[in-house]
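The residues making up each chain are set out below.
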Amino acid sequence: MLWFALILPDLPLQVFTRGVEDAGLLAVVEPQPRATIVIATAAARVRGVELRQGVAGALAVVPELALRERDPALEAATLAELATWAGRFTPCVSLDPPDAVLLEASASLRLFGGIDALAQRIADAALPLGLTTTLAAAPTPLAARWFARARPGTLVRPSDGWARALDALPIELLADGAPVPPATLELLRGVGVRRIGELARLPRDGLARRDASVVTDTVARARGHDPDPRPRFVPAERFASRLVLPASVTHTEPLRFAAGRLFSNLAAWLALRQAGLDCCRLHLEHDCAPATVVEIITGRPQRDAARFVQLACEHLAALTLPAPVEALRLTADAPVALPACTPDLFGGENDAAREAAIRLLDRLRARLGIDAVHTVLPVADHRPERAWRPAAPGTRPAPHPATLGPRPLWLMQPPRPLGAARTLTLLSGPERIESGWWDGDDVHRDYYVAHTAEGALWWVFERLDPPGGWYVHGFFG
Amino acid sequence: MSTSPLATLAGLPPGLVWPADRLARPAEAGVPTGFAALDAQLPGGGWPRGALIELLIDAFGIGELALLLPALRAAAPERWIAWIAPPHLPYAPALAAAGVRLDRLLLLTPSDPATILWTIRQAVASGGCSVVVAWLPNAQSAALRRLQLAAEASATSLFVVRPGGAAQQASPASLRLRLQPAQDALALEIVKRRGPPLAWPLRLPLPERPAAFPGRADRRCSGLR
């Protein structure tokens, strides 16, 4: 067994700040039992805000300090998000609240090239999440967690006597991730115990008599003498991720950064299920207005975060916000199975062109709107204005019968009455078109190809019912 | 030490400099236009790739699309043929009959001039289009310059259709053709090319245009009868 523990030391703060590049002066407040600062941004600490300081004291030091109340639900959701993300390294992921995720990675070591390479990889991949992580590895989950807390970066390999590495850790760690009450820690400190290794010298029965058997149990679990099973984390079936902004945002530019965070989560969720998405929704939450929903549609299932971000940016650029944005939420359902991409040995250029074509289509649709991007297809109807229909680009036309008479490349929509002054020479025709009596849109026309004085070829018709009236209906471009 | 200027020029890599009395020889051959007479007059033997091509016309319906049809038919099946801000509706039955692949056609109708230019640049720069045809009734020289730069950085042929009056203005396009109707043909005046000016207009017969039916010719109508 080899457990990686991933601890988020700044989680209460970063649930608010990860959506922005610079959070400025911000502190998170624990309201109970009395309002105290739990954690503050580096900028705030430089100005003199201290942890466990009362709110009034902190505001006296830094009057412009922004305060957010601690949000345990959001922290739990962010932790679950991290667990989902960690699923890319191993299927055995466990939540270890309040601020850690445990990964059992013994089965993945070979794939990732060993414990050091895997640790490096986890650390690198965690950067785009916007969460500070500390990492350690050990053969038991509790030991990994303690190392991540006290000696970040420690990678303890399973070997005989590995547990001796625990001896030097301070006993305060016993309360971390184990049900050791503060009174027991106080008792141990009272008898002069400072390090976990020193606990071994204490008599077991003596500890048990003083209600401190939980200490020996905890150490036994940490050393691997007792089993320490962990429930496996099951990722959500539907993706939903929410990002709270530290301050309300009135224009869309800063939202891009926050959206980037959400989309890297989405990409991780998709990678875990080997799936892609062709549609997701970005909700911009306002305080006093219903959320603005941006629907992001791609040409084909995707899981590339950069691609989603690019499309989202196009949408955001075209958006006017009805109210300041307080939070962003990204939801998606119906992922489509998308096998991991394998680079093509041959025909790479065609694939690149196809890829570029799809990317272009996505961008244009995002910026111009679906209605401004289309193609036209022929329809089997004798009436010229009904012999075509708009369609989504890429739609193959059905095989259609050859047209009877000449048809122009440009159609004039709707037909324009011919001015009296214009002189036309009729070159060919008439081609009589009488159709549509069944749907009330019947036409009775004689079509001609006409030559204008300027030398252009026009497609004109004479209306037969009611008689009279010449119209131009197209140009032979 | 002195070398003759001609020898210096001859030593430069091909495509960098072209003597004004000869057609330039671009590094990449052009896309055949489908008209041998026109290919012979174009540097690279066809529509240049990665270049802005201006088509100057006074009226629609003189065969301006028929001139492009061979290039559109030959477009690569995995890329788009983008038509940006067409002045009228491209008529699907006629395009299908002419052999244009409608499933590769991308009709883009941006709403305002700035978005039209953005769309053209995207279409050209993406590498996802083999041919881009854009209608710009009143384009500024700076905008055309940006389009020419975008086209140069790509392998896309960018056709820009402009009014005939623009022939008098300078333009950064590398090829400018003025299209005028001639009897059953299209007269092409090469306003600008990388090569010596052409003294006479080319006369291209357009086989795909409807010709007069024998027997029904010369009936005149003058407006409303």
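Being a predicted model, the structure only gives us computed values, none of them experimental.

**Some details on the overall build of chain B**
Secondary structure assignment for chain B yields six helices and 10 strands. Counting across all 225 residues of chain B, residues that qualify as buried make up 44%. The long-range share in chain B, meaning contacts at least 24 apart out of those at least 6 apart in sequence, stands at 67%.

**Some remarks on the sheet that holds strand S4 (residues 66–69) of chain A**
Pairing between the strands of a sheet is mediated by backbone hydrogen bonds and can be parallel or antiparallel. All names here are of chain A. Here three strands make up an open sheet; going across it, the order is S3-S2-S4 and the pairing mixed. Lying at the two open borders of the sheet, with one neighbouring strand each, are strand S3 (36–40) and S4. Each neighbouring strand pair of the sheet contributes to a mean axis angle of 40°, computed without reference to strand direction. Here strand S2 (residues 26–30) pairs with S3 via four bridges, running antiparallel. Looking at S3, one finds that Ala27 is bridged to Ala40.

**A look at the interface of chain B and chain A**
Each partner contributes residues to the interface: chain B has 52 residues there, and chain A has 59 residues. When residues of the side of chain B that touches chain A are traced back to their parent elements, those giving at least two are helix H3 (64–73), strand S3 (89–90), helix H4 (92–97), strand S4 (105–108), helix H5 (113–125) and strand S10 (219–222) of chain B. In terms of residue count, H4 of chain B provides more of the side of chain B that touches chain A than any other element does, six residues in total. Here the side of chain B that touches chain A is built from residues that sort into 31 nonpolar, 12 polar and nine charged. When strand S15 (residues 410–417) of chain A meets S3 of chain B, the two strands line up antiparallel, connected through two bridges. In the strand pairing of S3 of chain B, Trp410 of chain A is matched with Pro90 of chain B.

**So, unusual backbone geometry**
For the bond from Gln32 of chain A to Pro33 of chain A, the omega torsion is -10°, close enough to zero to count as cis. Relative to the helices and strands, Pro33 of chain A resides in the loop between S2 and S3. Looking along the chain, the bond that leaves Gln413 of chain A and enters Pro414 of chain A is cis, with omega of -10°. Note that Pro414 of chain A resides in strand S15. You will see that Ala85 of chain B, though not glycine, has its phi angle at about 55°, which is positive. Turning to its location among the elements, Ala85 of chain B is positioned in the loop between strand S2 (80–84) and S3.

**Digging into the confidence of the model for chain B**
Here chain B averages 82 in pLDDT, and 86% of its residues register 70 or above. Two summary scores accompany this predicted model of the complex, namely pTM at 0.62 and ipTM at 0.85.

**Remarks on the packing of helix H11 (residues 255–272) of chain A against helix H12 (residues 305–317) of chain A**
Residues and elements named next belong to chain A. Contact pair H11 / H12: the axes reach a minimum separation of 9 Å and the direction vectors enclose 145°. For the element pair H11 and H12, the recorded crossing hand is right-handed. In this structure, H11 contributes Leu255, Arg256, Ala259, Gly260, Phe263, Ser264, Leu266 and Ala267 to the contact, and H12 contributes Ala305, Phe308, Val309, Ala312, Cys313 and Leu316. Per-class residue counts for the contact of H11 with H12 are 11 nonpolar, two polar and one charged.

**Observations regarding H3 of chain B**
Residues spaced three or four apart along an α-helix point in a common direction, a consequence of the helix completing one turn every 3.6 residues. All names here are of chain B. Of all 10 residues in H3, seven are buried, a share of seventy percent or more. Looking at H3, one finds that the buried residues are Glu64, Leu65, Ala66, Leu67, Leu68, Ala71 and Leu72. In this fold, the buried residues of H3 make contact with strand S1 (51–57), S2, strand S5 (129–135), strand S6 (157–163), strand S7 (175–182) and strand S8 (185–192).

**Overview of the environment of Arg407 of chain A**
Along the chain, Arg407 of chain A falls in the loop between strand S14 (388–391) and S15. C-alpha separation for the pair Arg407 of chain A and Phe475 of chain A, spaced 68 residues apart in sequence, amounts to 8.9 Å. Contact partners of Arg407 of chain A, with chain neighbours within four places excluded, come to Tyr91, Pro93, Ala94 and Ala97 of chain B.

**Things to note about the nonpolar core**
If you look at the biggest cluster of nonpolar residues, it comprises 99 residues, and the most contacted ones within it are Val460 of chain A together with Ala82, Ile84 and Val132 of chain B. With seven residues, the single largest contributor to this core is helix H13 (residues 348–368) of chain A. Shared between two domains, this core takes at least three residues from each, and those domains are domain 2 (239–367) and domain 3 (406–475) of chain A. If near-sequence neighbours (up to four positions away) are discounted, Val460 of chain A is found in contact with Leu418, Leu424, Tyr448, Ala450, Trp470, Tyr471, Val472 and His473 of chain A.

**Examining H12 of chain A**
All names here are of chain A. Between its first and last C-alpha, H12 extends 18 Å over 13 residues, near the 18 Å set by a 1.5 Å rise per residue. Regarding H12, the residues found buried are Ala305, Phe308, Val309, Leu311, Ala312 and Leu316. When H12 is viewed along its axis, its buried side chains cluster within an angular range of 165° and face the same direction. Among the exposed residues of H12, those oriented more than 90 degrees off its buried face are Ala306 and Ala317.

**Quick notes on the pairing of S2 of chain B**
All names here are of chain B. Counted residue by residue, S2 has five buried out of five residues, so it is predominantly covered. Side-chain alternation along S2 places Trp80, Ala82 and Ile84 on one buried face and Ile81 and Trp83 on a second face that is also buried. Sheet topology places S2 next to S5; five bridges connect them, and they run parallel. Bridge assignment links Ile81 to a residue of S5, and that residue is Val131. Where S2 and S4 come together, four bridges link them in parallel fashion.

**A few points about the sheet that holds strand S6 (residues 100–104) of chain A**
All names here are of chain A. Pairing is antiparallel in the open sheet, where four strands are placed in the order S5-S6-S1-S7. Each edge of the open sheet is held by one strand with a lone partner, namely strand S5 (92–96) and strand S7 (134–138). Each strand of the sheet is rotated relative to its neighbour by a mean of 20°, with strand direction disregarded. As paired elements, strand S1 (residues 3–7) and S7 share five bridges and run antiparallel to each other. Opposite Trp3, over in S7, you have Ala138 as the bridge partner.

**Section: the environment of Asp184 of chain B**
Residue and element names in this part refer to chain B. Structurally, the position occupied by Asp184 is in the loop between S7 and S8. Asp184 gets classed as partly exposed once you count the C-beta atoms within 10 Å, which come to 15. Taking the C-alpha atoms as reference points, Asp184 and Arg209, separated by 25 residues in sequence, lie 8.3 Å from one another.

**Section: the packing of H5 of chain B against helix H6 (residues 141–152) of chain B**
All names here are of chain B. Where H5 contacts H6, the two axes come as close as 9 Å, and the packing angle between them is 15°. In terms of orientation, H5 and H6 fall into the roughly parallel class. Like other packed secondary-structure pairs, H5 and H6 cross with a definite hand, here right-handed. Where H5 abuts H6, its residues Leu117, Ile120, Arg121, Val124 and Ala125 lie against Ala143, Arg146, Leu147, Ala150 and Ala151. Partitioning the contact of H5 with H6 into residue classes produces eight nonpolar, no polar and two charged.

Reading guide: rules and limits
- Residues numbered from 1 in each chain as written.
- Chains lettered and ligands numbered in written order.
- Predicted model: local features only at pLDDT ≥ 70, side-chain atom pairs only at ≥ 80, totals over all residues.
- Helix = DSSP H or I, 4+ residues; strand = E, 2+ residues; numbered from the N terminus.
- Buried ≥ 20, exposed ≤ 12 C-beta atoms within 10 Å, placed from the backbone.
- Contact = placed C-beta atoms within 7 Å.
- Pairing = 2+ DSSP bridges.
- Axes fitted to C-alpha atoms, helices over the stretch in contact; angles between N-to-C directions.
- Nonpolar A, V, L, I, M, F, W, Y, C, P; charged D, E, K, R; others polar.
- pLDDT = per-residue confidence, 0-100.
- Left-handed = near helix turned anticlockwise from the far one by under 90°.
- Core = buried A, V, L, I, M, F, W, Y, C linked by C-beta atoms within 7 Å.
- Domains from an automatic or database assignment.
- Expected span 1.5 Å × (residues − 1).
- Arc of directions from axis to C-beta.
- Parallel < 35°, antiparallel > 145°, perpendicular 65-115°, else oblique.

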